[in-house]
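Coordinate analysis (summary)
Residue-level listing of the chains:
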Amino acid sequence: MSSDGGNHHFELELQRLEKRLDELLVICRQLQDENVSLRQRQDSLMEERAKLIQMNDQVRSRVEAMITRLKAMENPT
């Protein structure tokens, strides 16, 4: 194989690798963006879950208080 043929092959391979690297960089950026978006969504869902747990606890307390009052009305002392 002549040196020109070897250089041409090397150049083609280098171009192929550069193209693949560019593609991988685009994919990496997309994954980073998606990761940020997913983290934000997770934070939002965790906040929502905490609020729902707090509301559930408040409702439970109110229901328990109502049950206690109802029982007191059934059994006057």
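A few points on the structure. Just so it is clear, the model here is predicted, and its values are computed rather than measured.

1. Observations concerning a nonpolar patch on the surface
Together, Val-59, Val-63, Met-66 and Ile-67 make up an exposed nonpolar region whose accessible area comes to about 320 Å². Of note, Met-66 is situated in helix H1 (residues 3-74).

2. What about the pattern of salt bridges?
A complete count under the given rule lists 3 salt bridges for this structure. The closest approach of N and O atoms between Arg-20 and Glu-23, which form a salt bridge, is 3.3 Å. Of this pair, Arg-20 and Glu-23 both sit in helix H1, separated by 3 residues, roughly a single helical turn. Note on Arg-20: relative accessible area 40%, which makes it partly exposed.

The rules we used
Residues numbered from 1 in each chain as written. Predicted model: local features only at pLDDT ≥ 70, side-chain atom pairs only at ≥ 80, totals over all residues. Heavy atoms only, no water. Patch = residues over 30% accessible without salt bridge, like charges linked within 9 Å, V, L, I, M, F, W, Y side chains within 5 Å. Areas by Shrake-Rupley, 256 points an atom, 1.4 Å probe, with all protein chains shown as cover. Salt bridge = Lys/Arg side-chain N within 4 Å of Asp/Glu carboxyl O. Helix = DSSP H or I, 4+ residues; strand = E, 2+ residues; numbered from the N terminus. Buried < 20%, exposed > 50% of the residue type's maximum accessible area, 1.4 Å probe, protein only.

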